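Listed below, chain by chain, are the residues.
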Amino acid sequence: MVTYADSARHLIDLYRPKHIVGHSMGGLATLHNQYQNPNTSIEKIVTLGARPNSPS
């Protein structure tokens, strides 16, 4: 099964960006990917509307 984080990793490996802007699920996938597969070429990650579920 391919996850959003797998897709993010593929695109990061393909394009080697220095900056990433992710919105909603894309932001979470990017953060998760960076946590699991740290990439030193990424200098900045900006997320908008991306937050993990928190207890109410």
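Everything below is about the structure shown above.
All values derive from a computational prediction rather than experimental measurement. (Residues numbered from 1 in each chain as written. Predicted model: local features only at pLDDT ≥ 70, side-chain atom pairs only at ≥ 80, totals over all residues. Heavy atoms only, no water.)

Draft legend 1. Quick look at the overall build of the chain. What the chain contains, in helices and strands, is 2 helices and 2 strands. Each helix and strand of the chain, placed in order from N terminus to C terminus, yields the pattern α-β-α-β. What you see for the chain is a C-alpha radius of gyration of 11 Å, in line with the 10 Å of a compact globule of 56 residues. For the chain, the C-alpha atoms occupy an extent of roughly 40 × 30 × 15 Å along the three principal directions. Counting over 56 residues, the chain shows a buried share of 21%. (Helix = DSSP H or I, 4+ residues; strand = E, 2+ residues; numbered from the N terminus. Rg over C-alpha atoms; globule rule 2.2 N^0.38 Å. Buried < 20%, exposed > 50% of the residue type's maximum accessible area, 1.4 Å probe, protein only.)

Draft legend 2. View of the pattern of salt bridges. According to the stated counting rule, one finds 1 salt bridge in the structure shown. As a salt-bridge pair, Arg 9 and Asp 6 come within 3.4 Å of each other at their nearest N and O atoms. Separated by 3 residues within a single helix, Arg 9 and Asp 6 lie in helix H1 (residues 4-15), roughly one turn from each other. Arg 9 sits in the partly exposed class, given a relative accessible area of 32%. Accessibility expressed as a relative area gives 26% for Asp 6, which makes it partly exposed. (Salt bridge = Lys/Arg side-chain N within 4 Å of Asp/Glu carboxyl O.)

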